[in-house]
Amino acid sequence: MTSDLFDIEEAAAFLHVKSCTIRSWVLKKKIVHVKLGRRVFLRRQDLSDMIDRSVVPADGQAKKVQRCR
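Now for a quick tour of the structure. (Residues numbered from 1 in each chain as written. Predicted model: local features only at pLDDT ≥ 70, side-chain atom pairs only at ≥ 80, totals over all residues. Heavy atoms only, no water.)

1. What about the pairing of strand 3 (residues 39-43)?
Next up, step 1: Where strand 1 (residues 5-6) lies against strand 3, two bridges are found, and the strand directions are antiparallel. Within strand 3, the position partnered with L5 by the bridge is R43.
Next up, step 2: Bridge analysis of strand 2 (residues 34-36) against strand 3 gives three bridges, and the strand direction is antiparallel. Considered in strand 3, the bridge of K35 is made with V40.
Next up, step 3: With antiparallel pairing between neighbouring strands as the criterion, strand 2 and strand 3 make up a hairpin whose turn holds two residues, including G37 at a positive phi of roughly 70°. (Pairing = 2+ DSSP bridges. Helix = DSSP H or I, 4+ residues; strand = E, 2+ residues; numbered from the N terminus.)

2. Looking at the sheet that holds strand 1
Next up, step 1: The sheet built from three strands is open, its strands ordered 1-3-2 with antiparallel pairing. This sheet does not close on itself; its edge strands, each paired only once, are strand 1 and strand 2.
Next up, step 2: This element, helix 3 (residues 44-53), spans strand 1 and strand 3 of the sheet and lies at about 55° to strand 3. (Contact = heavy atoms within 4.5 Å. Axes fitted to C-alpha atoms, helices over the stretch in contact; angles between N-to-C directions.)

In structure tokens, the structure reads:
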């Protein structure tokens, strides 16, 4: 059975970011988290909800892309 709580490293792997990014988001309260004593956990559903809120829909129109030089 898979746990519904991730520690910092597991959450980072789930979101494909570095663990220091998760720690920063926790400190800045940019991500929902659970504190049990001194330990920090993130719920799988909260992470999935965060991904769902971050989806940028395609508008179907081609836009001019500025290229790096």
